[in-house]
Amino acid sequence: MVMQRHQLTCAGIAFVLYLHHLVGTIEVPLDSNIQSELPQPPTITKQSVKDYIVDPRDDIFIECEAKGNPVPTFSWTRNGKFFNVAKDPKVSMRRRSGTLVIDFHSGGRPEDYEGEYQCFARNDYGTALSSKIHLQVSKSPLWPKEKVDVIEVDEGAPLSLQCNPPPGLPSPVIFWMSSSMEPIHQDKRVSQGQNGDLYFSNVMLQDAQTDYSCNARFHFTHTIQQKNPYTLKVKTTRGITETTPSFMYPYGTSSSQMVLRGVDLLLECIASGVPAPDIMWYKKGGELPAGKTKLENFNKALRISNVSEEDSGEYFCLASNKMGSIRHTILVRVKAAPYWLDEPQNLILAPGEDGRLVCRANGNPKPVIQWLVNGEPIEASPPNPSREVAGDTIVFRDTQIGSSAVYQCNASNEHGYLLANAFVSVLDVPPRILAPRNQLIKVIQNNRTRLDCPFFGSPIPTLRWFKNGQGNTLDGGNYKAHENGSLEMNMARKEDQGIYTCVATNILGKAEAQVRLEVKDPTRIVRGPEDQVVKRGSMPRLHCRVKHDPTLKLTVTWLKDEAPLYIGNRMKKEDDGLTIFGVAEKDQGDYTCVASTELDKDLAKAYLTVLAIPANRSRELPKERPDRPRDLELTDLAERSVRLTWIPGDDNNSPITDYIVQFEEDRFQPGMWHNHSRYPGSVNSAVLSLSPYVNYQFRVIAVNDVGSSLPSAPSERYQTNGARPEINPTGVQGAGTQKNNMEITWTPLNATQAYGPNLRYIVRWRRRDIRGSWYNETVKTARHVVWNTPIYVPYEIKVQAENDFGRAPEPDTFIGYSGEDLPSSPRYLRIRQPNLESINLEWDHPEHPNGVLTGYSLRYQAFNGSKTGRTLVENFSPNQTRFTLQRTDPISRYRFFLRARTQVGEGETLVEESPALLNEVTPTPAYTKNQVDIATQGWFIGLMCAIALLVLILLIVCFIKRSRGGKYPVRDNKDEHLNPEDKNVEDGSFDYSDEDNKPLPNSQTSLDGTIKQQESDDSLVDYGEGGEGQFNEDGSFIGQYTVKKDKEETEGNESSEATSPVNAIYSLA
């Protein structure tokens, strides 16, 4: 393979030089070192297309790239005149490039820059030209507004709906849809023509079920414009008359069409008729162009791709239905814009050499050839005696240094033009060998080979080959020297080994290089596998003994049925064969041994037949656990891997399903076996991944459906070299065990992660909030305690593993916290009493939590004067800061004790009391520790005493008035309606509305909030004569006092009133 790679690389360069040598020219190699040293006229390498349409929303980039030595400079013309880029602030030119950039971010109209641009690339050796680039700005004109009338058409008649899209640049894509944006179904009866119109071969009643709108999609702006829809009114008749076909497009019986060579030709025929006609295409005098034609639009269009002159002629379409047929003839004329026959190529000559530039182009009509030199017509250039122009050829004779220039050939006709640049460079360069120095070529004995020696120079050097420093040129016999520098050997023999020297010479000097050839022995399989017939469960062996050149690396692979063989646990590949343990029916097939080196390969094949054991016999065999594997072998020893191979034990009539590979190491946990990996029962060899600095020993356990085998005997030990750790400890945590420390812990590395001796850990920490300096300590255990820390502050922690070979990669940063303490009291406790039934508490978190809050503890007790209730406790989560207490009575006050809690315990206590109630009905305002209890103020106590004294005087006056037998006045308007705002009405506590029964504002209430009745049982009814009292018209009482009624009767009367202080006050009036 190495030899073949050298042959392809070097031969390609040499072959190119050889072809150019035949025509007397020199090609500069692609080697960048050579190109940077040689002078070279400019060459255009990239330019924009001739017809360049740009999006008006984007900046404009007109490309022009060129190479040359020295690096070319660039200039532009616009519409044939010099374009001064520096004068227009919107226009700039890329550095070391000729690409124009027109920037519209600051405003401007892209249309102002339309025109024809041409790029000029110049250096000391000539001027190259780009093509003329016609720059146009894309246009998406709006559809002209028009009123579309309803189209009336007879059923069965033909119809065409015209689109007439606005003339966009480039032309828009046309498609038809309904006004509801549903596509119009098209078939051979209804279809869209190439001009965008929609054609109906015959109109049917169903065509009036939708409307028809022509849509134009513009490419650059990605917009769709919709024409006002057509609406059809189909007039029906008793029957549709069948008609013969008639052409709707094109008209008449014949037409002509001109097309340019190389583009696609599209011929179209659309016909009317009932039923809708079928279209077929033909070419007069021959068949349609083979491999280039395609029928489109339900056979109404014929596309001929990449048209050539041979496609000229008469084509006709035949439209037919059961009523008849009609045909239309189209005369196709193929014209051609200029195209190259011989495009001029760069010409590199040595001083005194001859050469020529050829520019041949064809077209229809035949193009005119015009030569330019450095962008100017050759007729106007300075005379050059060594140059002669002869039509499409320029001949150079006896060229000299200083004759370098860039020539342009322009071939044009009425359909277009071609422009090609070709430079002529006169060089004198000493010979140079382009191949790598001291090549080594390996070849198999008796094979053909080739030594390559690509070279360069001007004039073109001659090249000769020598062997082992001998003076005779190698050419003839077993050797054949090519002009491109290659030396070919028909048959490489052992005696052909040696050092070969190639020497390139011209008038300016010589260069040489050496190639060493080694001839190798072929690879041969001396004993291959043989066809075998074996019983199921046996252990066949397939031989593959190979002889090869000892200096080449041999690789032996096996194929089964032409596919790579998977070497499972039931197979063992050895240097001279393949053994299959417990062969099964699935192992039957073709086995191929492939022995290969980098230069050649050999193979041998055999067929293995497996005979099955009868089913009844297999059922009789007892199933047991498998025997232990044996003969463990370690091969392919590497730094981080080893191949373990074993021979399976007997499966004892139950197929082996798995193998478990275990390992033991003698440094950290000697004598303890650990599971390493698990493999399917079909393998007997596996590549095991290893860790550094472990003294491994392996064993294998076989598993079947019955159970596991005994472990195999251990393998030999394999010691891996040490390395720095590749991972750091996981599970890094930092937490305080006391309020002034932080304990850092982690999960240590195990034996297969240590990677080297003297494993230790570099522990680093620093305060997170102040971003202070890092502190570090190196320990060997998985724990480190930091003392004298502030209470519960965050720390950044890193733990990095290290051994004698180095450190692990930079560890991740973890966040830990120092020890916690008791929290301070909550910031505040607010008490609100929205009503007589509940108390709302709200508090804030402690100002100093001193740890992670685990919750709050609230103790509270009711008290009334000196009496206190039992203490109740509520516990809350750390996120809860509100609590509503349901009161047991409306009079008692409450005392609250609130403490925050961390895992250390409960902190300082915040004590608050609920305020005393001023009025049972009116809710008390929010109470905090900063408010004053109004019931303890002196002015309030004095006011209450004055009110009590006044009530006492009124009661005495009332009692005196009653004892004198005074009349009780009856309130005026006793029939007036109840006051709807009276709350007694709302709660239904009275059956009638008599304000005399309202309690005094300071009357005493019971614990349940009801007003107590006076002790007196006297009432006006008690003193009446009978059940009804008599009154005068003015409302005064006229009845005589009677004997008091029986007490039980009075208590049963629901309408009787109890004597109250309020009634006494009314009597005084």
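Note: the structure precedes this text.
Parameters and conventions
- Residues numbered from 1 in each chain as written.
- Predicted model: local features only at pLDDT ≥ 70, side-chain atom pairs only at ≥ 80, totals over all residues.
- Heavy atoms only, no water.
- Helix = DSSP H or I, 4+ residues; strand = E, 2+ residues; numbered from the N terminus.
- Buried < 20%, exposed > 50% of the residue type's maximum accessible area, 1.4 Å probe, protein only.
- Contact = heavy atoms within 4.5 Å.
- Areas by Shrake-Rupley, 256 points an atom, 1.4 Å probe, with all protein chains shown as cover.
- Pairing = 2+ DSSP bridges.
- Axes fitted to C-alpha atoms, helices over the stretch in contact; angles between N-to-C directions.
- Core = buried A, V, L, I, M, F, W, Y, C linked by side-chain atoms within 4.5 Å.

A.B. asks: What should I look at first to understand the overall build of the chain in this one?
C.D. replies: A count of helices and strands for the chain gives 8 helices and 80 strands. Burial analysis of the chain (1069 residues in total) assigns 42% to the buried set. A fraction of 65% describes how many contacts in the chain between residues 6 or more apart in sequence connect residues 24 or more apart. Approximately 58800 Å² of the chain is accessible, and the part contributed by carbon and sulfur atoms is 50%.

A.B. asks: What am I meant to see in the pairing of strand β77 (residues 882-886) here?
C.D. replies: Side chains Phe883 and Leu885 of β77 all project onto a buried face; the interleaved residues Arg882, Thr884 and Gln886 project onto a face where none is buried. Bridge count for strand β73 (residues 838-843) against β77 is 5 bridges, and the pairing is antiparallel. The partner of Leu841 across the bridge, within β77, is Phe883.

A.B. asks: Even after reading the chapter, I still don't get the sheet that holds strand β65 (residues 741-747), so can you show me in this structure?
C.D. replies: Two orientations exist for strands paired in a sheet by backbone hydrogen bonds: parallel and antiparallel. The 3 strands are arranged β64-β65-β68 in an open sheet whose pairing can be described as antiparallel. Edge strands, defined here as strands with exactly one partner in the open sheet, are β64 (730-735) and β68 (783-787). Shown here is a sheet whose adjacent strand axes are inclined to one another by a mean of 10°, direction ignored. With 5 bridges connecting them, β65 and β68 associate as antiparallel partners. By the bridge assignment, Thr745 is partnered in β68 with Arg783.

A.B. asks: Explain the environment of Ile401 here, please?
C.D. replies: Residue placement: Ile401 occurs in the loop between β35 (393-396) and β36 (405-413). Sequence separation between Ile401 and Ser425 is 24 residues, and the spatial gap between their C-alpha atoms is 8.5 Å. In contact with Ile401, not counting residues within four places along its chain, are Pro351, Val426, Leu427 and Asp428.

A.B. asks: How should I be thinking about the nonpolar core in this particular structure?
C.D. replies: Note that soluble globular proteins tend to have their nonpolar side chains buried in a common cluster. Counting residues in each nonpolar core, the largest one holds 31 residues, and the members touching the most others are Ile62, Trp76, Leu100 and Tyr117. When contributions to this core are tallied by element, the ones reaching two or more residues are β2 (51-54), β3 (60-62), β4 (64-69), β5 (73-78), β8 (100-102), β9 (115-123) and β11 (133-137). In contact with Leu100, not counting residues within four places along its chain, are Ile60, Phe61, Ile62, Trp76, Phe83, Val85, Val91, Ser92, Met93 and Tyr117. Judged by nonpolar contacts, the second largest core, of 22 residues, contains Val443, Leu451, Leu463 and Cys502.

A.B. asks: So what exactly am I meant to see when it comes to the sheet that holds strand β22 (residues 265-268) here?
C.D. replies: Strands sit in the order β22-β26-β25 across an open sheet of 3 strands; the sheet is antiparallel. Of all the strands in the sheet, just β22 and β25 (293-296) have a single pairing partner and so form its edges. The average undirected angle you get between the axes of adjacent strands in this sheet is 20°. In this sheet, strand β26 (residues 301-304) lies alongside β25 in antiparallel orientation, the contact comprising 4 bridges. Bridge pairing in β26 places Glu296 opposite Ala301.

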